[in-house]
Amino acid sequence: MAARIATDKDYDQIRKIWTYCFNEGEEVENCYFENKYRAENTVVAELNGDVVASIHLNQHTIKLGNREENVSYVVGVSTLPEARGKGMMKSLMNLSFEEMYNRGQNVSILMPIDFRLYRRFGFENCYDMIEHRINIEDLSAFRIERDFRKAKESDIDNLIDIYNKSNRRLNGYTVRGKQRYENMFKEVAADGGHIYICSDCGVYDGYVIYAINEGKFFVREVYFSNTNALKSILAFIYNHNTQCDKVVIMEDVRNTIGNTLKNPKTSESLLKPFMMGRVVNIGECFRNMVDYLENNYNYSDKLGCFEESVTIAIKDDYINQNTVNYRLSFEGNLYSCDKLEYDEEKSDIVLNINQISQLIFGYKDIDDVLDLYDKEINEEKLDILRKVFVKKRNHINEYD
């Protein structure tokens, strides 16, 4: 068995694996392979000269904290049945991590079918979504105060503007450009869906992507720059009441839709784990964090002391460069991050890569980690980490 980066000659075998494992239908599959698949972003494993397993590393940019990070979005993790149980995934993941590290990527994301499969590789849940299940009659009180029309590719600049305004206070979302929306139009069409955009006095301020299937109005994506636009979108949905009786809407953790419903008690809103994240290069993540603190904060004002440091021991079973101690030091307005040899005895706290990934992504703060994993740390050191690792409102809505 050999793992390697795919070449153009592997296309037919890679697509055969995808068809067998995902069975999405020819139109959806064609859309993916025509618009997203790239051989150079695919890792494959061979058995007896045939490609029998693959991982796709689709390239995205996310806004994580104050930085834009180029990331590999891990999708299409798949193995033909004759090769299962032979350790293919471990080899493919090892090569994937090596490829990400060599590309200078600091973090990676993955949408899991089963969280248990990927936790052992260091991925951990870093994003949630709220799924609203609504009886369409519960939207009857909303009134349309916007002009709606079916969106066209000429609207892409307006869609990007709405998306950016809606996400500006969130963390971890994908940075979308024209090509992403061009692909989205193709994806939605292949899936039998629709994109509608709304405007107020010529100013575009909301859009909704949805599909209608078996009496259910499923909203894949809804973004708006103000709540009046949202209320009009909810009224737009209600106007399909002769076609549908149930509505399902996916929303970020701010729960703006849930708080806008007239009687949320009659609806069901479920917080669901959505996307996993993983640190690929912990050294760069810490250096970026230190640079941000140095440029934006006065340490003595924020932490109430003049000189202090904290040492974190980090264990990573797959990326050896991440198994290290890092000492974060603060002196006045000077911040530093020093890489040290791994030594649990010389650290203030020991964290594995899953735990540090949730902290770097801002999905959890240090108190969450201490409570969840029964960790202990000196209170003075803890006070530093409380300022370094701040919980954020994470959101991403990519299905790749």
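The rules behind these values
Residues numbered from 1 in each chain as written. Predicted model: local features only at pLDDT ≥ 70, side-chain atom pairs only at ≥ 80, totals over all residues. Heavy atoms only, no water. Helix = DSSP H or I, 4+ residues; strand = E, 2+ residues; numbered from the N terminus. Rg over C-alpha atoms; globule rule 2.2 N^0.38 Å. Buried < 20%, exposed > 50% of the residue type's maximum accessible area, 1.4 Å probe, protein only. Contact = heavy atoms within 4.5 Å. Lys, Arg positive; Asp, Glu negative; His and termini not counted. Charge placed at Lys NZ, Arg CZ, Asp CG, Glu CD. Core = buried A, V, L, I, M, F, W, Y, C linked by side-chain atoms within 4.5 Å. Domains from an automatic or database assignment. Axes fitted to C-alpha atoms, helices over the stretch in contact; angles between N-to-C directions. Parallel < 35°, antiparallel > 145°, perpendicular 65-115°, else oblique. Left-handed = near helix turned anticlockwise from the far one by under 90°. Nonpolar A, V, L, I, M, F, W, Y, C, P; charged D, E, K, R; others polar. Phe/Tyr/Trp six-rings, centres within 6.5 Å; stacked < 30°, edge-to-face > 60°. Lys NZ or Arg CZ within 6 Å of the ring centre and 35° of its normal. Pairing = 2+ DSSP bridges.

So, about the overall build of the chain. Each helix and strand counted, the chain has 13 helices and 17 strands in total. Over its C-alpha atoms the chain spans a radius of gyration of 23 Å, differing by no more than 12% from the 21 Å that the globule rule assigns to 400 residues. Each principal axis of the C-alpha distribution contributes one length, and for the chain these read about 65 × 60 × 35 Å. Counting the 400 residues in the chain, one finds 52% classified as buried. Taking as baseline every contact in the chain between residues at least 6 positions apart, the subset at least 24 positions apart corresponds to 73%. For the chain, the separation between the mean place of its 51 positive charges and that of its 65 negative charges on side chains is 3 Å.

This next bit is on the nonpolar core. Among the nonpolar cores identified, the biggest contains 82 residues, and Ile282, Phe286, Ile356 and Phe389 are the most heavily contacted of them. Once you skip the residues sitting within four places of it in the chain, Phe286 turns out to touch Ile312, Ile314, Tyr326, Leu328, Cys337, Ile356, Ile360 and Phe389. Core analysis: the next-biggest nonpolar cluster, separate from the first, contains 24 residues, Val219, Val222, Leu234 and Tyr238 among them.

A few words on the domain arrangement of the chain. One can read the domain layout of the chain as domain 1 (2-110), domain 2 (130-274) and domain 3 (281-388). The C-alpha-based centres of domain 2 and domain 3 are spaced at 38 Å.

Here we come to the packing of helix α11 (residues 353-360) against helix α12 (residues 366-373). What describes two packed helices is the angle between their axes and the distance between those same axes. For the pair α11 and α12, the least separation of the axes is 10 Å and the interaxial angle reads 150°. One finds that α11 runs roughly antiparallel with respect to α12. Seen along the crossing, α11 lies across α12 with a hand that is right-handed. For the pair α11 and α12, contact is made by Gln355, Gln358 and Leu359 and by Ile366, Val369 and Tyr373, respectively. Taken together, the residues that form the contact of α11 with α12 break down as 4 nonpolar, 2 polar and no charged.

In this structure the tally under the stated criterion is 24 aromatic pairs. Both rings, one in Phe97 and one in Tyr318, keep their centres 6.3 Å apart while their planes meet at 65°; by these two values the pair is edge-to-face. Residue Phe97 is found in helix α3 (residues 88-102), and its partner Tyr318 is found in the loop between β14 (307-315) and β15 (324-331); the two are separated by 221 residues along the sequence. Look at Phe286 and Phe389: their rings are 6.5 Å apart centre to centre, the planes differ by 55°, and that puts the pair in the tilted class. One end of the pair, Phe286, is in helix α9 (residues 282-296); the other, Phe389, is in the segment after α13 (379-388), and 103 residues separate them in sequence. Among the aromatic residues, ring-to-ring pairing joins Tyr11, Trp18, Phe22, Tyr32, Phe33 and Tyr37 into one connected group. Lying across the ring of Phe97, Arg278 places its NZ or CZ 4.3 Å from the centre.

The subject of this paragraph is the pairing of strand β3 (residues 50-64). In terms of burial, β3 is largely enclosed, as 12 of its 15 residues are buried. The pairing of strand β2 (residues 42-47) with β3 spans 6 bridges and is antiparallel. What sits directly across from Ala45, in β3, is Ala53. From the end of β2 to the start of β3, which pair antiparallel, there are 2 residues, and Asn48 there has a positive phi angle of about 55°. Bridge analysis of β3 against strand β4 (residues 67-79) gives 11 bridges, and the strand direction is antiparallel. Across the sheet, residue Ala53 finds its bridge partner in β4, namely Thr79. Between β3 and β4, which pair antiparallel one after the other, the connecting turn spans 2 residues, and Gly65 there sits at a positive phi close to 65°. Across 2 bridges, β3 lies against strand β8 (residues 173-174) in antiparallel orientation. Residue Lys63 lies in a different strand from β8, and its bridge partner there is Tyr173.

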